Amino acid sequence: MPTPSRIAAARALHAVFGAGHRVSDRWDTGLSSEDAGLAQALLGLCLRHWGRLQAYVKPNLKDQSRSLPLGSQVALAIGFAQLAWMDGVAAHAAVNETVELAADPALGFPPHKGLVNALLRRGAGNRQLLRAHLDAMPASLDRTPFVDAVLQSALEPHRAKGKPEIEALWAKLQTPPRPAFHVLRGDAPPELEADPRLAGCWGLREGAPFPGQWLESGAGMVQDRSSQALMAFQWKGNPIHILDACAAPGGKTTSLALRYPEARITAVEREPRRAGWLKKNLAVRAVKAEVVVAEVTDFLANSTGSFDLIVLDAPCSGSGTLQKHPELPWIAGNIDLERLSEMQRDLLRATIPKLDKGGLLIYAVCSWLPEEGEHHRAWVRTAHAELEAAHVWPGEFGAESGDTACFRPQPLAWDGEGFQAFAWTKR
Ligand SMILES: C[S@@+](CC[C@H](N)C(=O)[O-])C[C@H]1O[C@@H](n2cnc3c(N)ncnc32)[C@H](O)[C@@H]1O
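Residues numbered from 1 in each chain as written. Predicted model: local features only at pLDDT ≥ 70, side-chain atom pairs only at ≥ 80, totals over all residues. Heavy atoms only, no water.

### Regarding the domain arrangement of the protein chain
No. 1: When cut into domains, the protein chain gives domain 1 (4-138) and domain 2 (225-426).
No. 2: One C-alpha centre belongs to domain 1, the other to domain 2; they are set 38 Å apart.
No. 3: At the junction of the two partners, domain 1 supplies 12 residues and domain 2 supplies 14 residues.
No. 4: Where domain 1 touches domain 2, the interface holds zero salt bridges.
No. 5: The interface formed by domain 1 and domain 2 contains five residue pairs in polar contact (both at pLDDT 80 or more).
No. 6: Broken down by secondary-structure element, the contributors of at least two residues to the side of domain 1 that touches domain 2 are α1 (4-19), α2 (33-48) and α3 (50-57).
No. 7: In terms of residue class, the side of domain 1 that touches domain 2 is built from five nonpolar, three polar and four charged. (Domains from an automatic or database assignment. Contact = heavy atoms within 4.5 Å. Salt bridge = Lys/Arg side-chain N within 4 Å of Asp/Glu carboxyl O. Polar contact = N/O pair within 3.5 Å; in protein donor to acceptor, adjacent residues only side chain to side chain. Helix = DSSP H or I, 4+ residues; strand = E, 2+ residues; numbered from the N terminus. Nonpolar A, V, L, I, M, F, W, Y, C, P; charged D, E, K, R; others polar.)

### Examining the environment of alanine 389
No. 1: Position of alanine 389 among the secondary structure elements: in strand β10 (residues 387-389).
No. 2: Taking the relative accessible area as the measure of exposure, alanine 389 reaches 38% and is therefore partly exposed.
No. 3: On a C-alpha basis, the gap between alanine 389 and phenylalanine 422 in space is 7.9 Å, while along the polypeptide they are 33 residues apart.
No. 4: If we ignore the near neighbours within four places in the chain, the residues touching alanine 389 are Ala405, Ala423 and Trp424. (Buried < 20%, exposed > 50% of the residue type's maximum accessible area, 1.4 Å probe, protein only.)

### Focus: the site of the ligand
No. 1: Taken together, 19 residues form the shell around the ligand, and within it Gly251, Glu269, Arg274, Glu295 and Asp313 come nearest.
No. 2: A distance of 3.1 Å separates a nitrogen atom of the ligand from a polar backbone atom of cysteine 246.
No. 3: Between arginine 274 and the ligand, the recorded distance is 2.6 Å, taken from a side-chain N or O atom to an oxygen atom.
No. 4: Burial of the ligand by the protein amounts to 90% of the accessible area it has alone, namely 610 Å².
No. 5: Residue composition of the shell around the ligand, by class: 10 nonpolar, two polar and seven charged. (Near = heavy atom within 4 Å. Areas by Shrake-Rupley, 256 points an atom, 1.4 Å probe, with all protein chains shown as cover.)

Printed below as a string of structure tokens:
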């Protein structure tokens, strides 16, 4: 029986390449922390280097015109990734366990057990050579047209889209991100250290275990650096009624509650499963907010209330999360950008009339694509004269220096997810 970590990584690869699914945030729950560490490293390597791992196998096949069944592709990627890049895994374990995986009809492709065994044994004969060979393959093999479009969009507003910048950003996005944390009460646990460049943000110390129990106690939360910096918007308003229009899993609802403890917060989420997750997170963190499980456009159409602060953290392609989600390049064919962009526009149309005079609206997406950000800003400029840009972020976060109504840090100079956020007040 292969180890749980290899089984989990194989299942996740089947979900991505077989069903086109994203890797869920909870894909490794149930694994011990040691197994989860190995599974995460393995899955990350396979996804980040899927293109070169498959290209490496091809010349070794008798019939190169036929593609391998997915089970064999998965087993070979898992085997070669361990042999090439995971020095802590013994060669015999990498080969034997992976051959067992290949023999499992649900995860491998049993008729290819012998082929997988032969190819991996050959690779195990000289791991250094295997690594050198894989490392020397063109980086572009691991890229798709979606990635190219995202890299261009990320850098274009910063006037830095030359080839060296594009390659530097791709190299950066190919390294696993360091998780960031927000301390909600009490002291930070010893596993964390203060982020010297962002007040209030904490990072995991080198080699420290993930502080799972501390998170479960509600004393802190995982929150990306970008979300933390974005939510530190500088606004002098004192809101009474806040709307978090797209709320689960509740990171921004929590930030709002910490900052405005006297305000009434309405947190809307349309997916019941995610709303359950949101409620649980808010309860354990002792955050007071009214959770509404509804399509926010319906909720707003049927309500007479208005809000003096609205945060619209809209559903999007997630193109700014490439570093955390290396499966994105391979499933991007399923992303319907036009539909997402229309949905975001509808959400803006529904929320703008509900903003009070003098109130603040923040629109945010974790995407660099202009269809999900800049295009909406341009539309607001022409269609909503009652909204004026609100200058709530330091200039260094803008696309251009001094563009303080926009949050969009230069991705080569900033560690954190790619975001586009805009702020307006109502005249
Ligand atoms: C980007 S996530 C929000 C992340 C959240 N603000 C946080 O910081 O933790 C978008 C969320 O909005 C929800 N959503 C998408 N469309 C919605 C709609 N029309 N009405 C309400 N919720 C929606 C999605 O299910 C998803 O949970």
